[in-house]
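Residues per chain, in single letters:
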Amino acid sequence: MKVAILGAGAIGAYVGAALHQAGADVHLVARGPHLAAMRQHGVRVLSPRGDFTAHAHATDNPTDIGPVDYVFLGLKANSYAACGPLIEPLLHESTAVIAAQNGIPWWYFHHHGGPHDGHRIESVDPGGAVSAVLAPERAIGCVVYAATELEGPGVVRHLEGTRFSIGEPDRTLSPRCREFSEAMQAGGLKCPVEADLRNDIWLKLLGNISFNPISALARATMRQMCRHGGTRQVIHTMMEETLAVAEALNCRIGISIERRLAGAERVGDHRTSTLQDLERGKPLELDVLLTAVIELADITGVEVPTLRTVHAISDLLALGTAA
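Residues numbered from 1 in each chain as written. Predicted model: local features only at pLDDT ≥ 70, side-chain atom pairs only at ≥ 80, totals over all residues. Heavy atoms only, no water.

Further remarks concern the sheet that holds strand β4 (residues 52-54). Across the sheet, four strands lie side by side as β4-β3-β10-β9; this open sheet has mixed pairing. The open sheet terminates on both sides in strands that have one partner only, identified here as β4 and β9 (147-152). Direction aside, the axes of adjacent strands within the sheet are offset by 25° on average. By the bridge criterion, five bridges tie β9 to strand β10 (residues 155-160) in an arrangement that is antiparallel. Bridge pairing links Thr148 to His158 in β10. (Pairing = 2+ DSSP bridges. Helix = DSSP H or I, 4+ residues; strand = E, 2+ residues; numbered from the N terminus. Axes fitted to C-alpha atoms, helices over the stretch in contact; angles between N-to-C directions.)

Structure, rendered in structure tokens:
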């Protein structure tokens with residue numbers, strides 16, 4: 001099985017290292033000091049489950065790789081529309097693209113069924129720019145429950161979690177999903193194939209939509225947000241509104257808000273990816289987390305006043321980082 005990791009950052013390099021350990025033909029696409037370190041020393045994974053090093057092929061030029069069976073996207077969703085020159089050399093007729101993104105994916109209504117089937121979500125696929133590069137037919141959804149950080153060039157710190165749930169937009173348990181799942185499991189990761197991944201998308205989003213923007217606005221860790229009474233209440237309300245949108249789209253999450261908050265508090269002093277991006281001066285990935293849900297609230301008629309307020313403030317912050 002030939003796999004390209006496009007955007008071999010903390011999550012991508014971790015997945016690539018695990019697949020390489022399992023014997024897959026893995027190619028890591030990255031740049032800068034991180035790429036140089038991976039070329040020289042491999043990917044060093046530091047994990048409570050055991051440290052290891054994987055010496056997979058690493059490059060900044062996808063034409064060196066050629067067509068692959070699977071592209072694992074470790075890029076931020078806000079860079080998908082511009083990734084055409086990088087991904088095109090990796091595609092053959094049946095290449096699957098596994099999008100390990102937070103939030104609402106561009107393929108969400110592809111084979112969704114019901115009154116919104118085929119609807120394009122403007123905030124995540126503006127003018128169809130993402131679909132033009134990443135055809136929804138290639139997409140396999142992926143919800144990441146692992147927490148990793150780049151501790152240094154070529155060094156991935158695995159903090160917790162090994163689950164990468166995947167699923168087809170049309171809800172079939174396809175051979176390509178089963179094949180990828182088996183390879184991930186051989187590498188020591190959990191990779192269940194879900195009949196309807198949209199439920200998992202909303203479960204993960206329940207935390208991301210609230211903790212990520214609030215963490216950036218307050219410069220706070222997970223534990224700090226959960227233990228501050230006022231902030232905890234704001235997050236609770238944001239989660240309530242998000243659940244209402246999910247239910248309007250016939251998704252059931254099956255976990256209480258208090259249980260979700262308790263789980264987040266146990267994570268401790270972890271900085272969300274949005275806070276890490278803010279600290280590094282990178283663009284904030286808020287469209288797929290927050291803007292998209294407000295757009296879905298508009299089409300389903302759900303009232304989300306707290307989401308709108310947090311969106312307005314965090315959007316101003318995001319404009320400042322993009323300037």
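The sites that UniProt annotates as "domain: Ketopantoate reductase N-terminal" (unreviewed entry) are residues 3-104. Span residues 3-104 is 25% helix and 27% strand, its end C-alpha atoms 24 Å apart. (UniProt positions renumbered as here; feature names shortened; annotations may be inferred.)

This part is about empty space enclosed by the protein. Per the counting criterion, the structure on display carries two cavities of 30 Å³ or more. Quantified by volume, the largest cavity comes out at close to 40 Å³. Residue lining of the largest cavity: Ala99, Gln101, Gly103, Pro105, Trp107, Gly141, Cys142, Val143, Leu197 and Ile201, and that is the complete set. Elements that contribute at least two residues to the lining of the largest cavity include exactly β8 (139-144) and α6 (197-218). (1 Å grid on protein atoms, 1.4 Å probe; cavity = no way out; pocket = protein on both sides within 12 Å on 5 of 7 lines; lining within 4 Å. Points joined across faces, edges and corners; volume = space filled by probe spheres on them.)

Quick look at the packing of α6 against helix α9 (residues 257-267) now. Orientation of α6 relative to α9, taken along the N-to-C sense of each, is 65°, at an axis distance of 11 Å. In terms of their interaxial angle, α6 and α9 are classed as roughly perpendicular. Relative to α9, the crossing made by α6 is right-handed. Taking contact as the criterion, the partners of Leu203, Lys204, Leu206, Gly207 and Phe211 in α6 are, on α9, Arg260, Leu261 and Ala264. Its residues assigned to classes, the contact of α6 with α9 shows five nonpolar, one polar and two charged. (Parallel < 35°, antiparallel > 145°, perpendicular 65-115°, else oblique. Left-handed = near helix turned anticlockwise from the far one by under 90°. Contact = heavy atoms within 4.5 Å. Nonpolar A, V, L, I, M, F, W, Y, C, P; charged D, E, K, R; others polar.)

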